[in-house]
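Listed here are the chains, written in short residue letters.
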Amino acid sequence: MLNSISLVGRIVKTVYYVHDKAYIDIEVKMPFPLEIGHETWDVFSVQLWKGLETMMEDVGEIGLFLAIRGRLVVSDEIQENSLLKSTIIYAELIETLNKYFYK
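### With respect to the side chain of glutamate 27
Here is step 1: Mapped onto the fold, glutamate 27 is located in strand β2 (residues 21–29).
Here is step 2: With a relative accessible area of 17%, glutamate 27 lands in the buried category.
Here is step 3: Among all residues touching glutamate 27, those that are not within four sequence positions of it are Gly9, Arg10, Val12, Trp41, Asp42 and Val43.

See the structure below:
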């Protein structure tokens, strides 16, 4: 099995930190419209690999188009005597795409 994910979207929230881990929020268009003529967008939080953290702090701005390749990671957290599992998108490669859209 292969654990891989690819996303193309734009930044809606620049680098922020949760428990010393860096994240960005990106907006991704849904592949199929729910209604004719109405586009829907999903927002995903993406955890950044250490090298990408500094890159996104330097060049990441709201509205920047990105292509992200990474993997899904399960995070375990203990809250109020219960174990919570959540799936995180962990970015391993990011390419900025504005150069293809704007001249």
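Additional details are given in the paragraphs that follow.
### Here's the deal with the pairing of β2
Here is step 1: Most of β2 is tucked away: seven of the nine residues are buried.
Here is step 2: The sheet contact formed by strand β1 (residues 5–18) and β2 spans six bridges and is antiparallel. Residue pairing for β2: valine 18 is matched across the bridge by lysine 21.
Here is step 3: As consecutive antiparallel partners, β1 and β2 are separated by two residues, and within that stretch histidine 19 has a phi angle of approximately 55°, a positive value.

### Quick notes on the pattern of salt bridges
Here is step 1: In the structure shown here, the tally under the stated rule is four salt bridges.
Here is step 2: One salt bridge connects glutamate 27 with arginine 10, and the closest N-O pair in it is separated by 3.0 Å. Here glutamate 27, found in strand β2, pairs with arginine 10, found in strand β1; they are 17 residues apart in sequence, far enough to count as distant.
Here is step 3: Measuring nitrogen to oxygen at the nearest pair gives 3.4 Å for the salt bridge that ties lysine 85 to aspartate 76.
Here is step 4: By relative accessible area, which is 47% here, aspartate 76 ends up partly exposed.

### Topic: the nonpolar core
Here is step 1: Counting residues in each nonpolar core, the largest one holds 18 residues, and the members touching the most others are Ile26, Leu48 and Leu66.
Here is step 2: Of all the secondary structure elements, the ones that give two or more residues to this core are β1, β2, β3 (41–48), α1 (50–59), β4 (65–79) and β5 (82–96).
Here is step 3: The contacts of leucine 66, once residues within four sequence positions are left out, are Leu7, Val8, Gly9, Ile11, Ile24, Ile26, Met56, Ile94, Glu95, Thr96 and Leu97.

### Here we look at the packing of aromatic side chains
What describes a pair of aromatic rings is the distance from one ring centre to the other and the angle between the planes of the rings.
Here is step 1: Counted by the stated rule, this structure contains one aromatic pair.
Here is step 2: For the pair tyrosine 16 and tyrosine 23, a centre-to-centre distance of 5.9 Å together with 20° between the ring planes defines the contact as stacked. With respect to class, tyrosine 16 is no different from tyrosine 23; both count as buried.
Here is step 3: Over the ring of tyrosine 16 we find lysine 13, and its NZ or CZ is 4.3 Å from the ring centre.

Calculation criteria
- Residues numbered from 1 in each chain as written.
- Predicted model: local features only at pLDDT ≥ 70, side-chain atom pairs only at ≥ 80, totals over all residues.
- Heavy atoms only, no water.
- Helix = DSSP H or I, 4+ residues; strand = E, 2+ residues; numbered from the N terminus.
- Buried < 20%, exposed > 50% of the residue type's maximum accessible area, 1.4 Å probe, protein only.
- Contact = heavy atoms within 4.5 Å.
- Pairing = 2+ DSSP bridges.
- Salt bridge = Lys/Arg side-chain N within 4 Å of Asp/Glu carboxyl O.
- Core = buried A, V, L, I, M, F, W, Y, C linked by side-chain atoms within 4.5 Å.
- Phe/Tyr/Trp six-rings, centres within 6.5 Å; stacked < 30°, edge-to-face > 60°.
- Lys NZ or Arg CZ within 6 Å of the ring centre and 35° of its normal.

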